[in-house]
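Report on the structure
Residues per chain are reported as follows:
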Amino acid sequence: MSDFNRISIRSDPAKSNYDDGVSGLSLDDVRPSTVLVSAKLEPKGPVTEPLVIPIYHSSTYVVKEMEDCLDGLKEGAPIYSRLANPTTETAEAVINGLERGAGSLTFSSGMAAITSVMLGFLKSGDHVIHQIPVYPGTLTALKFLNSSYGVELTAVKDISVEAVSKHIKDNTKMLWIETPCNPDIYVVDVEGLTQLAKSKNILVAVDGTFGSPALQHFMPLGIDFSVHSSTKYMGGHSDLIGGCVTTRTVEQWRILKLIQGTFGNMLSPHDASLLLRGLKTLSLRMERISENAMKVATYLEQHPKVQRVRYPGLTSHPQHEVARKQMTSYSGMIMAEIKGGEKGGRAVAENVRIVRLAVSLGGVESLVEHPYTMTHGKYLMTEKEMEEACITPGMLRISIGLEDADDLIKDFGQALEKLEL
């Protein structure tokens, strides 16, 4: 007998519920087609749990008694996956643990998260103060609320406590902040604005996508909604679309939960699984990405063909001291305005070899895009809005990834060499 045959295997083959006579039914009581549809594993041996949360594909969940359905809906138990799913709820629990809010919810995209906050807490006649520039998708949603539902809007550039205080009205309901903002990397004094808003009973929503919740912690400051496109840094691998909102109160969470279930914009369990994977390395990635971005921003700021650079870690950034106060590190987003206008921006964006020309941001790969013709182009913003937001022809938005910083610097260097002024 070979050594292999002497190995003792004491476990038994996997058996189905019908093999074990669960519910009084055996294999002799049903036909093969019934076995194929309804058989399930009856686990044996020690109780174990998976190290990684499973992807719960199931759209619906079996109950023992009819009353369990309504009880489950009331108490939040999985009954139907549009309303609750263990994989997505695990992602929400992890996010809320990081954000330190009353509760978190995940959505099918960053825009689903943003519009859910707007739909849940704004009505006709309310007034919203928002900064400019702001992500064009957010601006489009606000303009839709204005034209279709009569929500008043006031856009504020260089959104400071002093500037915002001048625009507060009796019907001002919400202040919408983005920091660092897209695409010029303006850093907002969240603490100062939150104190102002709270003194006037105004809700505060902060889109912190560009910094991630690993580097910015705004819930302790009293904001109402911490919003992120989890497509970006939280997912971190450019392979999912998602968004999340963390609320200050349980009541706010319950309103958003109703919005999520009613409009059906929940995150899928598959994407929730990818998000959970990304969250595990978020802190480590943000540390390395921030280190890389600081080196690249310093190089670009000193280059003779670069007109100006905005990066929160540079002392030249107009809100550098605010960034030092409210960010633990400075993330990977850089705005660089290349000399030569659109010609200069195009020369760099289309000639990099390691950095890739693409929209989106926050992944392990470094990306560059040209706001003037891409994300903030005329199809989303009017000429006046682009001018007010200082979207210039030579502006590049750069998302630094995990490549070697020296390689990224060389890549930008060779692309800048191709620019003839």
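Preceding this section is the structure that the text describes.
This report concerns the structure included in the present document.

Analysis parameters
- Per chain, residues are indexed from 1 in the order of the written sequence.
- Local features in this predicted model are restricted to residues whose pLDDT is 70 or higher, and side-chain atom pairs enter the listing and the counts only when it is 80 or higher, whereas totals over whole chains, interfaces and linings include all residues.
- Values shown for side chains rest on all heavy atoms present in the structure; no hydrogens or waters enter the calculation.
- At least two DSSP bridges between two strands are required for those strands to pair.
- Helix numbering and strand numbering both begin at the N terminus, where a helix is a DSSP run of H or I of at least 4 residues and a strand a DSSP run of E of at least 2.
- Orient the strands so they point away from the viewer; a crossover is then right-handed if the path from the first strand over the helix to the second runs clockwise.
- Both cavities and pockets are sets of points on a 1 Å grid over the protein atoms alone; in a cavity a 1.4 Å probe fits but cannot get out, in a pocket the set is open with protein on both sides within 12 Å along at least five of seven lines, and lining residues sit with an atom within 4 Å of a point.
- Grid points are joined across faces, edges and corners, and a volume is the space filled by probe spheres set on the points.
- Nonpolar residues are Ala, Val, Leu, Ile, Met, Phe, Trp, Tyr, Cys and Pro. Charged residues are Asp, Glu, Lys and Arg, and all others, Gly as well, are polar.
- Buried Ala, Val, Leu, Ile, Met, Phe, Trp, Tyr and Cys residues that are joined via side-chain atoms within 4.5 Å together make up what is termed a nonpolar core.
- Remark: exposure states derive from per-residue accessible area (1.4 Å probe, protein chains only) relative to the maximum for the residue type, with buried under 20%, exposed over 50%, and partly exposed in between.
- The contact criterion used throughout is that any non-hydrogen atoms of two residues lie within 4.5 Å.
- Centre distance within 6.5 Å is the pairing criterion for rings of Phe, Tyr and Trp, where only the six-membered ring of Trp is used; planes under 30 degrees apart are then read as stacked, over 60 as edge-to-face, and the remainder as tilted.
- A helix is expected to span 1.5 Å for every residue after the first.
- Only a pair of cysteine sulfur atoms within 2.5 Å counts as a disulfide in this structure description.

Some points on the pairing of strand S3 (residues 152-157)
Relative to S3, strand S2 (residues 127-132) runs parallel, the two sharing six bridges. Each residue of the ladder has a partner; that of His130, found in S3, is Ala155. Considered for its hand, the β-α-β crossover made up of S2, helix H6 (residues 136-149) and S3 is right-handed.

Section: empty space enclosed by the protein
Considering all chains together, one arrives at three cavities of 30 Å³ or more under this definition. In this structure, the largest cavity occupies an estimated 80 Å³ of space. Around the largest cavity, the lining is made up of 14 residues, and of these Ser81, Ala84, Asn85, Thr88 and Met266 lie nearest the centre. If one sorts the elements of the lining of the largest cavity by residue count, helix H4 (residues 86-99) sits on top with three residues. Split into classes, the residues belonging to the lining of the largest cavity amount to five nonpolar, five polar and four charged. Within this model, the second largest cavity holds a volume of roughly 40 Å³. Taken together, Glu99, Val206, Gly208, Ser212, Pro213, Gln216, Phe218, Ser226 and His228 form the lining of the second largest cavity. Class assignment for the residues of the lining of the second largest cavity results in three nonpolar, five polar and one charged.

Quick look at the nonpolar core
Met174, Trp176 and Phe225 are the most contacted members of the largest nonpolar core, which totals 51 residues. Ranked by residue count, the leading element in this core is helix H5 (residues 110-121), at six residues. Once you skip the residues sitting within four places of it in the chain, Trp176 turns out to touch Ile114, Val117, Met118, Ile129, His130, Gln131, Val134, Thr138, Ile159, Ala205, Asp207 and Val227. Within the second largest apolar cluster, 30 residues are counted, among which are Val309, Leu314, Tyr330 and Val368.

Notes on the packing of aromatic side chains
Scanning the entire structure with this criterion turns up three aromatic pairs. With a centroid separation of 4.7 Å and 50 degrees between ring planes, the pair formed by Phe121 and Phe225 is classed as tilted. On the criterion of sequence distance, the pair formed by Phe121 in helix H5 and Phe225 in strand S6 (residues 225-228) is long-range, its members being 104 residues apart.

Remarks on helix H11 (residues 282-302)
The first and last C-alpha atoms of H11 sit 30 Å apart over 21 residues, in line with the 30 Å expected at 1.5 Å per residue. What H11 keeps buried is the set Leu282, Arg285, Met286, Ile289, Ser290, Asn292, Ala293, Val296, Ala297 and Leu300. Residues of H11 that are buried in the fold lie against H4, helix H10 (269-280), strand S8 (306-310), strand S9 (333-338), strand S12 (395-399) and helix H15 (405-417).

With respect to the sheet that holds S9
With respect to topology, five strands assemble into an open sheet ordered S8-S9-S12-S11-S10, the strand pairing being mixed. Since the sheet does not close on itself, it has two edges, and those belong to S8 and strand S10 (356-357), each with one partner. Sheet topology places strand S11 (residues 367-369) next to S12; three bridges connect them, and they run antiparallel. For Leu367, the partnering residue across the bridge sits in S12 and is Ser399.

Digging into the state of the cysteines
As used in these notes, a disulfide is a covalent bond between sulfur atoms, one from each of two cysteines. Per the stated rule, a full pass over the model turns up zero disulfides. Considering cysteine sulfurs only, Cys390 is the nearest to Cys181, which forms no disulfide, with 10.0 Å between them. With relative accessibility at 28%, the residue Cys390 sits in the partly exposed group.

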